[in-house]
Amino acid sequence: MTTRTIDTAQELAAFLRSRREGLDPGRLGLPSHRRPRRTPGLRREEVAELAGVSTDYVVRLEQGRGLRPSAEVLAALARALCLDPDERDYLFDLAGHRRPGTTGGPAADTPPSLARLVDDLSPLPAMLLDHRYDILAWNPETARLLPGFDTLPPSRRNAMWLCLLHPEMRGFYADREQTLRDGIAHLRAAWAAHPDDRALSDLIAEFVTRDEDFARLWSKREVSVNGRGRKVLRHPVAGAISVDFEILLPLQDPELRLLVYRPADEESRACLDRLCATTSTS
């Protein structure tokens, strides 16, 4: 698989097939008297009927024949396939119908005001990322929390690269599988929204080539943008730290993301305090 240039027609075809095959006909109340199913999921004619389009049109879409469905047809397909909001956005992005607030252009520069905000959030670890997961700004607490972060060249200051390929962070996330699933689902959404971003495509190609877990999860075509949650971090010095995270999008810079970690309990707060105090005086 190559991701250097996005073939949106082929990706749209593969995405529609994967979502059709993943649906349970019983969930949609389809009649049980129809002929036995040889493959999982819905048949193309069933999707066509639910979406109000011809079966031939669905066939041509799934064969990647370069059709450009309208926004109305995409909305009908999204309903027929029971897509969630993130999957719907992904479908629209692949078809070239950008959702409001998405520019699809290159990564934004770091506004000085946001860089100062990251610093002002101390003692909470905070960082500013772009749609590629490049880390554009961070405060001292973030540098202390991420093992070996200060030693990395600027080209490797990328949250996904750290998780996948940085040796010091291989066991950093207690649930590495879920962390990868969440990150890859976000990255796939960004990939569709920025089809002309060569740096992003090259980054994904590197991950697919160098990490088997990434390649396996990328092929599932999961799409999701998760703005909050909880993670357990295994720091080599401070031990286990449970953090709640929030991802905020600045109104004037929607391509950027402000990530803030907060200790999830008093024990984790004490671990973070000790880590930052020890490092600042060393």
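Residues numbered from 1 in each chain as written. Predicted model: local features only at pLDDT ≥ 70, side-chain atom pairs only at ≥ 80, totals over all residues. Heavy atoms only, no water.

Draft legend 1. Representation of the sheet that holds strand 5 (residues 257-263) within the structure. Here we have 5 strands laid out as an open sheet, ordered 2-1-5-4-3, and antiparallel in their pairing. For this open sheet the edge positions go to strand 2 (135-138) and strand 3 (228-235), each flanked by a neighbour on one side alone. Between one strand axis and the next, the sheet turns through 30 degrees on average, direction left out of account. (Pairing = 2+ DSSP bridges. Helix = DSSP H or I, 4+ residues; strand = E, 2+ residues; numbered from the N terminus. Axes fitted to C-alpha atoms, helices over the stretch in contact; angles between N-to-C directions.)

Draft legend 2. Spatial organisation of helix 3 (residues 55-62). Along helix 3, the residues that are buried comprise Tyr57, Val58, Leu61 and Glu62. Down the axis of helix 3, the smallest arc covering the buried residues is 130 degrees, so these residues share one side. Of the surrounding secondary structure, the elements contacted by the buried residues of helix 3 are helix 1 (8-21), helix 2 (44-51) and helix 4 (71-80). Of the residues one or two after helix 3, Gly64 is the one with positive phi, at around 65 degrees. (Buried < 20%, exposed > 50% of the residue type's maximum accessible area, 1.4 Å probe, protein only. Arc of directions from axis to C-beta. Contact = heavy atoms within 4.5 Å.)

Draft legend 3. Seen up close, the pattern of salt bridges. For the coordinates displayed, the defined rule picks out 22 salt bridges. A salt bridge links Glu206 to Arg156; its shortest N-O distance comes to 3.3 Å. Pair noted here: Glu206 is in helix 10 (residues 198-210) and Arg156 is in the loop between helix 7 (140-145) and helix 8 (159-165), with a separation of 50 residues, a long-range link. Residue Glu206 is classed as buried on the basis of its relative accessible area of 18%. Connected through shared salt-bridge partners, Arg170, Arg176, Glu177, Asp211, Asp213 and Arg216 make up one network. (Salt bridge = Lys/Arg side-chain N within 4 Å of Asp/Glu carboxyl O.)

Draft legend 4. View of the packing of helix 2 against helix 4. Running from N to C, helix 2 and helix 4 cross one another at 120 degrees; their axes reach a closest spacing of 8 Å. Judged by the angle between their axes, helix 2 and helix 4 are oblique. For the pair helix 2 and helix 4, the sense of crossing is right-handed. Across from Val47, Leu50 and Ala51 in helix 2, the residues of helix 4 making contact are Ala76, Leu77 and Ala80. Residues that form the contact of helix 2 with helix 4 fall into these classes: 6 nonpolar, no polar and no charged. (Parallel < 35°, antiparallel > 145°, perpendicular 65-115°, else oblique. Left-handed = near helix turned anticlockwise from the far one by under 90°. Nonpolar A, V, L, I, M, F, W, Y, C, P; charged D, E, K, R; others polar.)

Draft legend 5. Inspection of the packing of aromatic side chains at higher detail. Under the defined criterion, the tally for this structure stands at 6 aromatic pairs. Ring plane angle 75 degrees and centroid distance 4.9 Å describe the contact between Phe15 and Tyr90, whose orientation is recorded as edge-to-face. Remark: Tyr90 occurs in helix 5 (residues 85-94) and Phe15 occurs in helix 1; sequence separation between them is 75 residues. Under the relative-accessibility criterion, Phe15 is labelled buried at 0%. By relative accessible area, Tyr90 is classed as buried at 1%. Site record: aromatic cluster; members linked through ring pairs are Trp191, Phe207, Phe214 and Trp218. Across from the ring centre of Trp218, 3.9 Å away, lies the NZ or CZ of Arg188, which sits over that ring. (Phe/Tyr/Trp six-rings, centres within 6.5 Å; stacked < 30°, edge-to-face > 60°. Lys NZ or Arg CZ within 6 Å of the ring centre and 35° of its normal.)

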